[in-house]
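Inside the fold
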Amino acid sequence: MPVQIQVNTDHNVHGGERLATFVTTDLENSLSRFGGWLTRVEVHLSEDGGGKPDDKKCVIEARPGGKQPVAVTHHAATVDDAYAGAAHKLGRVLDTRYTRAHDHKGSESIRHMAGPEDPEQVGALDDEPQA
């Protein structure tokens with residue numbers, strides 16, 4: 001089942017359908033490595049106002065199945081830069097969370113290891129002690 005992506009903008013952000021299509025396509029490509037782990041991604045693009053140099057804001061919230069949602073925020077001078085910064089942050093955060101959820105100290109978890117071929121040999125020494 002593909003991840004559901006929703007793009008929201010406030011009334012100050014222009015781009016409409018073209019912007020939503022770009023963001024959706026970009027996220028589908030960049031998050032494809034997480035397969036069925038992600039269920040939903042919401043993107044919120046807005047303008048904080050006040051005439052500040054970095055008044056554009058992008059908040060991206062990703063929802064991994066069965067886990068707490070992950071949210072990142074990035075401020076920039078343009079909507080494109082705000083989105084790019086937030087998408088980059090999200091990729092790093094999800095990489096970390098996905099790795100922690102699926103790896104144990106860089107290798108397979110003992111819970112995922114195959115059992116012994118011969119259960120009778122569990123704990124048996126290869127060589128007999130020499131007297």
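Residues numbered from 1 in each chain as written. Predicted model: local features only at pLDDT ≥ 70, side-chain atom pairs only at ≥ 80, totals over all residues. Heavy atoms only, no water.

Let us look at the packing of aromatic side chains. Tallying each qualifying case throughout the model produces 2 aromatic pairs. Between phenylalanine 22 and tyrosine 83, the aromatic rings sit 6.0 Å apart at their centres with planes inclined by 75°, giving edge-to-face as the arrangement. Linking phenylalanine 22 in helix H1 (residues 16-30) with tyrosine 83 in helix H2 (residues 79-102), this pair joins segments that are 61 residues apart in sequence. Aromatic side chains phenylalanine 34 and tryptophan 37 sit 6.0 Å apart centroid to centroid with 45° between the ring planes, which places their arrangement in the tilted category. Accessibility classification places phenylalanine 34 together with tryptophan 37 in one group, the buried group. (Phe/Tyr/Trp six-rings, centres within 6.5 Å; stacked < 30°, edge-to-face > 60°. Helix = DSSP H or I, 4+ residues; strand = E, 2+ residues; numbered from the N terminus. Buried < 20%, exposed > 50% of the residue type's maximum accessible area, 1.4 Å probe, protein only.)

As a further point, take the pairing of strand E4 (residues 70-76). Sheet analysis places strand E3 (residues 56-64) next to E4, joined by 7 bridges and oriented antiparallel. Bridging across to E4, cysteine 58 finds its partner in histidine 74. Between E3 and the antiparallel strand that follows it, E4, lie 5 residues; glycine 66 among them carries a positive phi value of about 75°. (Pairing = 2+ DSSP bridges.)

This brings us to the pattern of salt bridges. In this structure the tally under the stated criterion is 6 salt bridges. Where arginine 63 meets glutamate 42, a salt bridge forms, and the shortest distance between an N and an O atom there is 3.6 Å. Placement of arginine 63 in strand E3 and of glutamate 42 in strand E2 (residues 38-47) is noted, with a sequence separation of 21 residues between them. The exposure class of glutamate 42 is buried, given its relative accessible area of 12%. Taking the shortest distance from any N to any O, the salt bridge between glutamate 47 and lysine 56 comes out at 3.5 Å. What makes glutamate 47 partly exposed here is its relative accessible area of 23%. A network of salt bridges, in which partner residues are shared, links Arg40, Glu42, Glu61 and Arg63. (Salt bridge = Lys/Arg side-chain N within 4 Å of Asp/Glu carboxyl O.)

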